[in-house]
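# Chain and residue survey
Here are the chains, one letter per residue:
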Amino acid sequence: MLQLHTFSHSSASYRVRIALALKGMASESHAVSLIANDHLSDGYRALNPEGRVPAIVTERGVLTQSFAIMDWLEDTIPEPSLYPADVWQRALCRAFAHAIASDIFPVQNLGVRRKLIADFGADEAQSTQWCADWIAKGFAALEAETAKRGWHEGQGYLFGPTPTLADICLVPQMNNARRYGVDLTPFPLLVAADAKARAHPAFVTTAPETQAG
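Numbers given to residues run from 1 along each chain, matching the order in which its sequence is written. Reporting in this predicted model follows two pLDDT cut-offs: at least 70 for local features of residues, and 80 or more for side-chain atom pairs to be given and counted; totals over whole chains, interfaces and linings ignore these cut-offs and use all residues. Only hydrogens and water are set aside; all other atoms, that is, all heavy atoms of the structure, feed into the side-chain values.

## Remarks on the packing of helix H6 (residues 124-148) against helix H8 (residues 188-198)
To keep it simple, the criterion reads: Lines fitted to C-alpha atoms define the axes, with helix axes restricted to the stretch in contact, and inter-axis angles between N-to-C directions lie between 0 and 180 degrees. Only DSSP runs of H or I reaching four residues or more are called helices, and only runs of E reaching two or more are called strands; each is numbered from the N terminus. Note on angle classes: values under 35 degrees are labelled roughly parallel, values over 145 roughly antiparallel, values of 65 to 115 roughly perpendicular, and the remainder oblique. By definition in these notes, contact holds between two residues if any of their heavy atoms fall within 4.5 Å. Gly is put with the polar residues, along with every residue not named as nonpolar or charged; the nonpolar set is Ala, Val, Leu, Ile, Met, Phe, Trp, Tyr, Cys and Pro, and the charged set is Asp, Glu, Lys and Arg.
In contact at an axis separation of 8 Å, H6 and H8 are set at 85 degrees when each is read in the N-to-C sense. Taken together, the axes of H6 and H8 are roughly perpendicular relative to one another. Here Phe139, Leu142, Glu143, Thr146 and Ala147 of H6 come into contact with H8, specifically with Pro188, Leu189 and Leu190. Residue composition of the contact of H6 with H8, by class: six nonpolar, one polar and one charged.

And the structure:
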């Protein structure tokens, strides 16, 4: 069985948990607390020298980085796909997902926040505001792009009748937005898409509050 090293409130870990659930893949969960610095321990770094979560142990070895893991799942188990069928829509779906995973998320993750506080004298309130500002900026662009595509509430998931990589990335980032007090009023389409995906069993059963640690 696959062994998933994960942290309950890690966005990247949540993405992979959702993808595994959508693919119907069972895994054995191993909690790696970022708060307790488990990811920095010698034991975990021996498994994953990057010192990040998630990491998944397969029969072929250890795979890290949420997008690499999800791509591997897609290649290994093509159905149900994490992408829309249309080639152009697949590209748009990837762009949406990468806007979150590559642009929004990295500047508000735990390592950045700790650096702001330790090296630049930010307090908790300033660190929180930093995160909220970057999330709001990124969401503004995604809201505009979603509107440009003509997506509307009741249409389905962001890129079709089933959840895709875009939904997988949006829901964990929405969790972060709420945690940092982002005003979501300007983003009604993203809020609606989040609500739609969040009700899907694969998102419900893998949510942070369902995890042991």
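## As for unusual backbone geometry
Put simply, Val53 and Pro54 share a cis peptide bond, and its omega is 5 degrees. For Pro54, the location among the structural elements is in the loop between helix H2 (42-47) and strand E3 (55-58). In the segment running from Glu79 into Pro80, the intervening peptide bond is cis, with an omega of -5 degrees. For Pro80, the position within the fold is in the loop between helix H3 (66-76) and helix H4 (87-104). One non-glycine residue, Asn37, adopts positive backbone phi at about 65 degrees. If you trace the backbone, Asn37 turns up in the loop between strand E2 (27-31) and H2.

## Quick notes on the layout of surface pockets
Heads up, the rule is: As defined here, a cavity is a set of points on a 1 Å grid over the protein atoms alone where a 1.4 Å probe fits but cannot get out. A pocket is an open set with protein on both sides within 12 Å along at least five of seven lines, and residues line them when an atom is within 4 Å of a point. Grid points are joined across faces, edges and corners, and a volume is the space filled by probe spheres set on the points.
Roughly 720 Å³ of internal volume is contained in the largest pocket. Forming the boundary of the largest pocket are 34 residues, of which Leu34, Arg52, Phe105, Asn109 and Leu110 lie nearest the centre. When contributions to the lining of the largest pocket are tallied by element, the ones reaching two or more residues are helix H1 (11-23), H3, helix H5 (110-120) and helix H7 (165-179). The element contributing the most residues to the lining of the largest pocket is H5, with five residues.

## Focus: the nonpolar core
Nonpolar side chains tend to gather and get buried jointly when the protein is soluble and globular. We count it as follows: Definition of nonpolar core: a set of buried residues of the types Ala, Val, Leu, Ile, Met, Phe, Trp, Tyr and Cys, connected through side-chain atoms within 4.5 Å. Any residue under 20% of the maximum accessible area for its type is buried, any over 50% is exposed, and the rest in between are partly exposed; the area is computed with a 1.4 Å probe on protein chains only.
In terms of nonpolar packing, the biggest core is built from 51 residues, with Met70, Phe96, Phe139, Leu142, Ile168, Leu170 and Phe203 touching the most fellow members. For this core, the element with the most residues is H7, which contributes eight residues. Contacts of Leu142, omitting those with residues within four sequence positions, involve Phe96, Ala99, Ile100, Ile104 and Leu190. Core analysis: the next-biggest nonpolar cluster, separate from the first, contains seven residues, Phe7, Tyr44, Ala55 and Leu110 among them.

## Some remarks on the sheet that holds strand E1 (residues 2-6)
Which entries qualify depends on this criterion: Should DSSP find at least two bridges between two strands, the strands are regarded as paired.
One open sheet accounts for four strands, arranged E2-E1-E3-E4; its pairing is mixed. Two strands close off the open sheet at either side, each with one partner strand: E2 and strand E4 (61-64). The mean angle between the axes of side-by-side strands here comes to 20 degrees, regardless of whether they run parallel or antiparallel. Contacting E1, E2 and E3, H1 crosses the sheet at an angle of about 150 degrees to E1. Here H3 sits on the sheet and contacts E1, E3 and E4; the angle it forms with E4, its principal contact strand, is near 120 degrees.

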